[in-house]
Amino acid sequence: MATEHASGGLSQDSAEPADPVLSEIGLALFHLRRVWIKPDLMKKIRAQTSGGPGGRPLQLSNLMVVHAVAALNAAAEDPDSPAAEVTVGAVAERLEIDPSTASRLVGHAIDAGLVSRRPSPVDARRANLGLTEAGRRVRQVAERSRRAYLASLMSDWTPEERTEFARLLTRFAEAAVQAPTELEGIDKIFREAGAD
C-alpha cells in the first residue's frame, strides 16, 4: 500500500510516482479547505454580526443567498441575456442545492430582512426575489471585506502575478465545476487501500 508524504512523493511500496506539482496543488487545496471550515471562523462571523437586520444573527447561508439573488438579478437585467425571474428554483440552481434546501435558506434570508419576495407577474404560484436595502448593504460590506482580505494575502504580489493567478484559478474552478469529484471516487480510495 502506498502512502503519500508531505513532500508529494509516494513511499517505496508504490509502483507509480506522484507528480510533485499535482501533490502540491492538492495539499494547498486541502489547507484552504481547513481554513474555511474552522469552527472558530463561524463563531467570529456570528459574534460580529449578532446585531443583524431584525435582531437575528446573520448566518453564512444568508450571505450565500444574498450573493445568489444579487447575481441572478444582475443576469436578469443584462440586455444580452433572456429575461429571467429570480425564483427559489433559480437560487437552488445557482447554489447547486436541492429546491427544498433553497426554499428554507431563502426563507431564513427573508426572515433576516435581507431578501424580499413579491408575486411573479408571469406565474402567481411563484415569487420573484430581490434584495432589500439591508441585503444590499450586507452584500456591499461582504464584498469590501472579501477584497480587503484578498488584498492583504496578496500584498507582496505584483499586478502581473495577481492577474495570472486570477486567470488560472478561474480556469481551474471552471474545470472543477464541469467535472466535480464523484462520491464513488472516495469509495474507490478506501477499496484500493484495503480499508473497511
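For clarity, every value in this text was computed on a predicted model and none was experimentally measured.

Draft legend 1. Geometry of the pairing of strand β2 (residues 127-131). Most of β2 sits out of view: five of its five residues are buried. Here β2 shows two buried faces, one formed by A127, L129 and L131 and the other by N128 and G130.

Draft legend 2. Structural detail: the packing of aromatic side chains. Inspection of the entire model under this criterion finds one aromatic pair. Between the aromatic rings of W157 and F165, the centroid separation amounts to 5.3 Å while the plane-to-plane angle is 80 degrees, which identifies the pairing as edge-to-face.

Draft legend 3. Main features of the pattern of salt bridges. Applying the stated criterion across every chain, the model contains three salt bridges. Of the charged contacts, one joins E133 and R136 as a salt bridge, the two residues approaching to 3.3 Å between their closest N and O atoms. With E133 and R136 both in helix α6 (residues 133-153) and three residues apart, this pair spans about one turn of that helix. Residue class for E133 comes out partly exposed when judged on its relative accessible area of 45%. Judged by its relative accessible area of 39%, R136 is partly exposed. Its salt-bridge partner being R146, residue E143 comes within 3.0 Å of it at the nearest N-O pair. Taken together, the residues span about one helical turn, with E143 and R146 both in helix α6 at a distance of three residues. E143 gets classed as partly exposed once you look at its relative accessible area, which sits at 22%. Residue R146 is classed as partly exposed on the basis of its relative accessible area, which comes to 42%.

Draft legend 4. Summary view of the side chain of T87. Counting through the fold element by element, T87 comes out in the loop between α3 (60-77) and α4 (88-95). Take T87: its relative accessible area is 13%, and that puts it in the buried class.

Draft legend 5. Region of interest: the nonpolar core. With 20 residues, the main nonpolar core has V65, V69, V91, L114, V115, L129 and L131 as its most contacted residues. Where this core is concerned, the elements lending two or more residues are α3, α4, α5 (99-111), β2 and α6.

Draft legend 6. Just unusual backbone geometry, in detail. Of note, E96 is a non-glycine position whose phi angle comes to about 55 degrees, a positive value. Within the secondary structure layout, E96 lies in the loop between α4 and α5. According to the relative accessible area criterion, E96 is exposed, its value standing at 64%.

Draft legend 7. Spatial organisation of the confidence of the model for the protein chain. Mean pLDDT over the protein chain stands at 79; residues scoring 70 or higher make up 73%. When mean pLDDT is compared element by element in the protein chain, α5 scores highest at 94, while helix α2 (residues 39-48) scores lowest at 58.

Draft legend 8. Inspection of α3 at higher detail. For α3, spanning 18 residues, the distance from its first C-alpha to its last is 26 Å, which sits close to the expected 26 Å at 1.5 Å a residue. Of all the residues in α3, the buried ones are S61, N62, V65, V66, H67, A68, V69, A70, L72 and N73. On its buried face, α3 is in contact with α4, α5, β1 (115-119), β2 and α6.

Draft legend 9. A look at the packing of α3 against α5. As a packed pair, α3 and α5 sit with axes 9 Å apart at the nearest point and diverge in direction by 95 degrees. Considering the angle they form, α3 stands roughly perpendicular to α5. Every residue of α5 that contacts α3 at S61, N62 and V65 is listed here: L105, V106, H108 and A109. Each residue belonging to the contact of α3 with α5 can be placed in one class, and the counts come to four nonpolar, three polar and no charged.

Draft legend 10. Layout of the packing of α3 against α6. Between α3 and α6, whose axes approach to 10 Å, the crossing angle comes to 100 degrees. The orientation of α3 with respect to α6, classified from their angle, is roughly perpendicular. Contact residues: L63, V66, H67 and A70 in α3; G135, V138, R139, A142, E143 and R146 in α6. Class assignment for the residues of the contact of α3 with α6 results in five nonpolar, two polar and three charged.

Cut-offs applied
Residues numbered from 1 in each chain as written. Predicted model: local features only at pLDDT ≥ 70, side-chain atom pairs only at ≥ 80, totals over all residues. Heavy atoms only, no water. Buried < 20%, exposed > 50% of the residue type's maximum accessible area, 1.4 Å probe, protein only. Helix = DSSP H or I, 4+ residues; strand = E, 2+ residues; numbered from the N terminus. Phe/Tyr/Trp six-rings, centres within 6.5 Å; stacked < 30°, edge-to-face > 60°. Salt bridge = Lys/Arg side-chain N within 4 Å of Asp/Glu carboxyl O. Core = buried A, V, L, I, M, F, W, Y, C linked by side-chain atoms within 4.5 Å. pLDDT = per-residue confidence, 0-100. Expected span 1.5 Å × (residues − 1). Contact = heavy atoms within 4.5 Å. Axes fitted to C-alpha atoms, helices over the stretch in contact; angles between N-to-C directions. Parallel < 35°, antiparallel > 145°, perpendicular 65-115°, else oblique. Nonpolar A, V, L, I, M, F, W, Y, C, P; charged D, E, K, R; others polar.

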